Amino acid sequence: MNKLKLLFSFFFVTLISFGQNPNREFKSVTKHKSYVEVKTNDGVYRFQPYGNEIIETSFIPTGETFNPDSHAVVLKTKPVEMEIAETSNLTEINMLDISVKISHSPFQVSYYYEGNLLTSEKRGYYKAVHEPMDLVKDNIIAKETERIEFNLTPDEVLYGGGARALGMNRRGYKLPLFNRAHYGYETHSELMNFTLPIVYSSKMYAIHFDNAPIGYLDLDSKKDNALTYETISGRKTYQVIAGDDWEEVVENYVSLTGFQSLIPRWALGNFSSRFGYHSQEETEATIDAFKEEEIPVDAIILDLYWFGKEVKGTMGNLAVHKDSFPDFNGMVSRLNKKGVKTVLITEPFVLTTSNRWDEAVKEDVLAKDSLGNPYTYDFFFGNTGLIDIYKPEGEKWFWNIYKGLAEQGVAGVWGDLGEPEVHPYNIIHHTGTGQEVHNTYGH
């Protein structure tokens, strides 16, 4: 019986290990100064180390060129000793801790850390017909998608994917990678606000898919022991991140993509916030009430009434409404003396009815339609355009508004609706379509 179990286990592991794309064929390997290239019949693998615990893999299909530009990675590559070992059917790229083993036939890419198997590509890179999820059927629009598929062991636990209300283990879910708010959720949400194309495994590794356009993370939803990254376009690049324990794996990932700056001390305190303080008088009276009741308060957030009297029609004014706040600078100064900072809401939408619409059109800071005109559309707050923050002129225009607010004593800006809340798939930005840049817009 034990021999039968052993035989079955070997057969099962063999199936997992050799589930690679059967049409991919190994051709050659070339070692460069800082990376290694492996040519196949349908493209090139490029293996680039970031130290001895992170290896970046890019697949460049035949007819495409390598895109070195990452929207996420800040860590600089550094020289790492790489040794190439070859036999008739195996190429190994060995570093101090991580190694990559490439089986020639059938073709297979596997990743090891200190001699232990972390993960391997299943089909690796391939294209397939897009199967829209109901959750985002109007957000992710494509006839086919590009995918990178990995093997999973049956007992592997998976974490990551960004902001979701799903519990810790996300295995079994197919998660959309489309930043979007979820209003009114309670104990369950498969998509809320901010997504991340990162998966952590209980086997003590992580895979970061280094690509901006929208898509999906399929964490074995079909119960076939497969992890699949799916996207509408872009880079076929991912980093395998390893470490001896959770702390090291997480630190290595954060080193790769950047440590968060320390926020100011007051931002850790208690804020006074509601859906809009309508006037200067109401704002100051609210803080006086906090002080009278001896309730700690470090900042007050002014929602959309700071730039207009109405909820609809004024978004994009981005300037203090003097009727409601006649002595705004004086109010900010008085609040500061009481130890209270002023925070203003802002949004990337400029309504066609706002005071700044003509200025935004003249300065050419809005995203375009296919004819080169400002792209306008309706949403809850009115008919709007969207600031193209990828365009240098748009970035500068928006920043100068923030700079002016800071000069008036404003201590912070709350960027709202920045997913963006409504982002047409065919809107054209300076660096790509709405679908291609949507998930990085909020940065």
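Summary of the structure given here.

1. A look at the pattern of salt bridges
- Tallied over the entire structure, the rule returns 18 salt bridges.
- Between Glu-282 and Arg-274 there is a salt bridge, with the nearest N and O atoms lying 3.2 Å from each other.
- Judged by relative accessible area, which is 42%, Arg-274 ranks as partly exposed.
- Note that Arg-334 is salt-bridged to Glu-284, the shortest N-O span being 3.0 Å. Pair noted here: Arg-334 is in helix H4 (residues 328-337) and Glu-284 is in helix H3 (residues 280-292), with a separation of 50 residues, a long-range link.
- Of the residues examined, Arg-334 reaches a relative accessible area of 32% and is grouped as partly exposed.
- By relative accessible area, Glu-284 is classed as buried at 15%.

2. Side note on the pairing of strand S10 (residues 144-151)
- In terms of burial, S10 is a largely internal element, seven of the eight residues being buried.
- Here seven bridges tie strand S9 (residues 116-129) to S10, and the two strands are oriented antiparallel to one another. Each bridged residue has a counterpart across the sheet, and for Glu-121 the counterpart in S10 is Phe-150.
- Pairing geometry for S10 and strand S16 (residues 226-231), over six bridges, is antiparallel. Within S16, the position partnered with Asn-151 by the bridge is Ala-226.

3. Details of the nonpolar core
- Core analysis: the biggest nonpolar cluster contains 45 residues, and Leu-302, Trp-306, Met-315 and Phe-328 have the highest contact counts within it.
- Counting residues in each nonpolar core, the second largest holds 39 residues, with Val-38, Val-80, Met-95 and Val-100 among its members.

Conventions used here
- Residues numbered from 1 in each chain as written.
- Predicted model: local features only at pLDDT ≥ 70, side-chain atom pairs only at ≥ 80, totals over all residues.
- Heavy atoms only, no water.
- Salt bridge = Lys/Arg side-chain N within 4 Å of Asp/Glu carboxyl O.
- Buried < 20%, exposed > 50% of the residue type's maximum accessible area, 1.4 Å probe, protein only.
- Helix = DSSP H or I, 4+ residues; strand = E, 2+ residues; numbered from the N terminus.
- Pairing = 2+ DSSP bridges.
- Core = buried A, V, L, I, M, F, W, Y, C linked by side-chain atoms within 4.5 Å.

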